[in-house]
Amino acid sequence: ETTVRMLKTWDSRYPGSVVICDRFAELLTEASGGEIKVQTSGPETIPPLQQLEPTQNGLFQILCTYPGFHTGSATILTGLESIRPDAQAFRDSGAIDVVRETYDALGLHTVSVPLAHGYAIYLNRDLSDAGDLSGMQIRALPPQHPYITAIGGTPVVLPPPEMFSALERGVVDGAAFPLAGATGYGFTEVTSHYFGTNITSPHVILANKAFWDGLPQEVRDVFETQASILEDETPDTYRTLNNQEHARMAEAGMKRLTLSDSVAAKLDDAVVKGAWAFAETRDGETAVRLRAAVEAAGLLE
Amino acid sequence: MTETAAAPGQGAATSRKGSPLPRAFARIHDGLTEAGLWAAIAALAGLATLSFIGTLARYFFGTPIGWGPDWASYLLAGCIFAAAPAVTARGQHVAMNLLESVLNFPMGRLLLSFAALILTLAILTTTAWIVWGALRAAYVAGTATAAGYPIPRWWLLAVVFYGFASSAVHVLRSLIGLVATVRSDQNRV
Amino acid sequence: MPLYAGVAVLFGLFFLGVPVFAAFFGFNIFAALMLMGPQMLSIFPASILDTSTTSELVTVPLFILLGELLFRSGSITILFNAVDDIVGRVRGRQYVIVVLISVLLGALSGSAVAVAAMLGRTVMAEGMARGGDKHLLAGLVLGGACLAPVIPPSFLVVLIGMLSGTSISALLAAGVLPGLVAGALFFLYVQAVLWRDPSRDTQRDTGRPKGSALRAVLSLLPFSIVIFAVLGLILLGIATPNESAACGVFGALAVAAIYRKLSLSMIIDSLRGTVLLSSMILLIMAASKILTQLMAFSGLTSQLVSALAGLTLPPVAVLILLMLIPFVLCMFLDQIALMLILIPIYTPLVGTFGFDPMMFWTLFLLNLTLGAITPPFGYALFALGAASPAELTLRDTYLAALPFIGLIIVTLVLVWACPPLTAWLPSLL
Ligand code: NA
Ligand code: NA
């Protein structure tokens, strides 16, 4: 029997905490017939931006997170924001080997890269006359600034706690944020319009390297098989979550907008350029190889 | 109740009587502490100005300062830890020396101050040592802050280390000062 | 057993006179070694960095700086004088200012610690200079600081709304009346105290000729720049709460210039005072954050809550228990981290026991800050003790806090007994 300490980045507001992190824990326990027990801790134990180190140190054996929370150590996964969320094609591309190289160097083994999707831009007014974000100030994380600029908006940096009061009082006109869980976070209370984007949210499950290397082969097999199962079901899970979220938004009176083809194309183009430009900031050579792998597999189309 | 951990100037008082080397060390350390305080003052002024100008730039000119919030938080960290040794040197940390106000014989009070200073020294030294480990690791790995406008993590950890380590030295100097006072009192008797 | 040992270590360090932040760090080192061994110590540096770069905490030095500048510019003296001239010789009028300023500033900031420190620098100093009773003044400041998170704007309310799935705007509205009721109770208490012992009032005669009410109102105009810079900019959607604190600082500089008190040395003195005080306060916050993380890691907090929640008791007893937990824990732990642990556990219970969410979360919020003004560990007490003039010692703040803790408990009971207090305003939305 193995007890594994897993660290999660999110509290219960974000559905990914349940459908990715808790789900993986559940899959491991089931597949091992109860041999693998997972004890989870959340952001109240280790703050989200500080979670890589305690996993590297072995305080936790598994980390279930979003690559945006450790950009001080690795940025390459950001490139995957531009790919189609197709788990099979992603595995076949061999891209995971490139990802593993990067995290191996950090003392971490990459267990799984579940590809979630559904990223929206919430506005407290309608699109501009040009059908884009012209004249609007949009709160977004710095790596996403090129996306906002490409469709006419002015990106603004605000700390998360200030985002909601800023939206409510009109300090900013909008914000970029994942779709799943948006109602729970309170977007319906502070904004009135929203539109979806084709941004993918790659999540990542990492294991402490020494822990991983010390596992018997049959236990590693359990981890790997279950990782594939999780990766395969994640896009469908998010499709369901996103649909539920659209319904909740409609119920709360949120108006769903559609970008014109030309504006949407500009955004898509900016997502590819911006995501890879940011991915290259820490280790350009590896990011280029990662992009080549997913591009060859047709994941950028 | 006093709000004094390391009584201000105790260390300096000892060094004045002591040999030239410790005296020079004490002077340098006090100078460094004041310089740290000035750096913290500059950091706070920068933090306030940055947030203010950032607001104006966004609202009136539609050109928000993207790096503003990240740098505001770096300046906050710098401000806290660059000033920490000065807080210790001035004895401005809050403490609840309830026992001290109850004990009314001098020897008891002396022992109490001694115990408090020893424990504080041990805690600050341990904390500084822990931070030093993280500082070295961050330097070697080249880790940056997980922010939109990252800076090397060791920059921040270096200021944190300075805050604890220099505070520990101030406590040590107070402790030496206390011992010296007791010795000279005994000599007089 | 290790738990008792840990608590003994913490109390021991406190009573020996080890500085509060160092005592917390000492306890954390002990607890980390007991929990996991030296490996656990590795979370310290990251946690310290996280706290010291937290955007919400930027308001702490900014608010203290605002207070320093206002005090050194003479604004607070002018404010007290103006109220003398406008209100005339009403008993306890200066204390009313303290209540008003506390509630007003409480409204501006979400942080009880920042408000306590800022008021310690300003109205405490001015009130004591006018011969006011230091315990009464300090109690009012602490009471006002305790209202900071309940009266909007408040980051803590936003967090509760987000974590519990309750409407944020309704929660914000729900806090207003209880805040005003508490303010009224403070006022009545002061009147009762002064009626029994008039000598505790501020000096009647400051040797200053009474000016006209009109001039007094005019003299307040510059001061309103600051109020506008902080509150107005938030309401108009020009600045976020953090930014408005910085705007308030520049507003205070403008006020100082109008009163002809602005000079480089005045600015540097204000900055120096702020830096020393903020560093001391935020070191304590950093230590308490680590303590909270260790508690979360050990699973102790959630075990405790689940055990209590599992008891079969009448709803009132459950409510009291659920409120005692944040009250007691907030004496030691970081509010925000504690909220991350408690709210997800509490949210289903609110439904199970049929508590009104507005009432429940308002009580919860008041309890969180009540912990921050309760001796011996409340952070707001440390902040006020250090920020106020030397004649007000930390032990004085303990004594001063007691009656006001009682008044806030009365408020809690009123909020529970009188549902419209929290239900009425949200129903108008
Ligand atoms: Na408030
Ligand atoms: Na004081």
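Small disclaimer: the values here were computed from a predicted structure and weren't measured. (Residues numbered from 1 in each chain as written. Chains lettered and ligands numbered in written order. Predicted model: local features only at pLDDT ≥ 70, side-chain atom pairs only at ≥ 80, totals over all residues. Heavy atoms only, no water.)

A. Expanded view of helix α16 (residues 315-329) of chain C. With 15 residues, α16(C) should cover 21 Å at 1.5 Å per step; its first-to-last C-alpha distance of 21 Å lies within 8% of that length. Listed in full, the buried residues belonging to α16(C) are Val318(C), Leu319(C), Leu322(C), Met323(C), Ile325(C), Pro326(C), Phe327(C) and Leu329(C). (Helix = DSSP H or I, 4+ residues; strand = E, 2+ residues; numbered from the N terminus. Expected span 1.5 Å × (residues − 1). Buried < 20%, exposed > 50% of the residue type's maximum accessible area, 1.4 Å probe, protein only.)

B. Quick peek at the interface of chain C and chain B. Opposite the 55 residues of chain C that make contact, chain B presents 54 residues. Taking both partners together, chain C and chain B bury about 5,100 Å²; carbon and sulfur atoms supply 81% of that area. When the buried surface of chain C facing chain B is broken down by residue, Leu16(C), Leu49(C) and Leu276(C) rank first, second and third, together holding 12% of it. Here chain C and chain B share one salt bridge between them. The partner of Glu243(C) in a salt bridge is Arg58(B), and the shortest N-O contact between them spans 2.7 Å. When contributions to the side of chain C that touches chain B are tallied by element, the ones reaching two or more residues are α1 (2-16), α2 (20-35), α3 (43-52), α4 (59-72), α13 (241-258), α14 (264-298), α19 (379-387) and α20 (394-417) of chain C. Examining the composition of the side of chain C that touches chain B, we find that eleven residues originate from one element, α14(C), more than from any other. When its residues are assigned to classes, the side of chain C that touches chain B shows 42 nonpolar, ten polar and three charged. (Contact = heavy atoms within 4.5 Å. Buried area = accessible area lost by both parts, 1.4 Å probe. Salt bridge = Lys/Arg side-chain N within 4 Å of Asp/Glu carboxyl O. Nonpolar A, V, L, I, M, F, W, Y, C, P; charged D, E, K, R; others polar.)

C. Representation of the interface of chain A and chain C in the model. Taken together, the contact between chain A and chain C spans 29 residues of the former and 35 residues of the latter. In this assembly, chain A packs against chain C so that about 2,700 Å² is buried in total across both faces, 61% of it on carbon and sulfur atoms. Taken together, chain A and chain C are joined by zero salt bridges. Across the chain A-chain C interface, the total number found is seven residue pairs in polar contact (both at pLDDT 80 or more). The set of elements that each furnish at least two residues to the side of chain A that touches chain C consists of α6 (160-169) and α7 (182-185) of chain A. Among the elements that take part in the side of chain A that touches chain C, α6(A) stands out by supplying seven residues, more than any other. Class assignment of the residues belonging to the side of chain A that touches chain C gives a composition of twelve nonpolar, eight polar and nine charged. (Polar contact = N/O pair within 3.5 Å; in protein donor to acceptor, adjacent residues only side chain to side chain.)

D. Looking closely at the environment of Arg260(C). All names here are of chain C. In this fold, Arg260 is placed in the loop between α13 and α14. Among the residues examined, Arg260 registers a relative accessible area of 75% and is labelled exposed. Distance in space between the C-alpha atoms of Arg260 and Val226 is 16 Å, their sequence separation being 34 residues.

E. Representation of the domain arrangement of chain C within the structure. Residue and element names in this part refer to chain C. In terms of domains, chain C is made up of domain 1 (1-42) and domain 2 (56-427). Listed per partner, the contact involves 15 residues of domain 1 and 13 residues of domain 2. Roughly 1,300 Å² is buried in total at the junction of domain 1 and domain 2, and carbon and sulfur atoms are behind 93% of that figure. For the pair domain 1 and domain 2, the interface holds zero salt bridges. (Domains from an automatic or database assignment.)

F. A look at the coordination of the sodium ion (ligand 2). Note on the sodium ion (ligand 2): its protein donors are Gly385(C) (O), Ser388(C) (O), Ser388(C) (OG), Pro389(C) (O) and Leu392(C) (O). The metal-donor distances range over 2.3 to 3.0 Å. According to the relative accessible area criterion, Gly385(C) is buried, its value standing at 0%. (Donors = N, O, S within 2.8 Å, 3.2 Å for Na, K, Ca; no water.)

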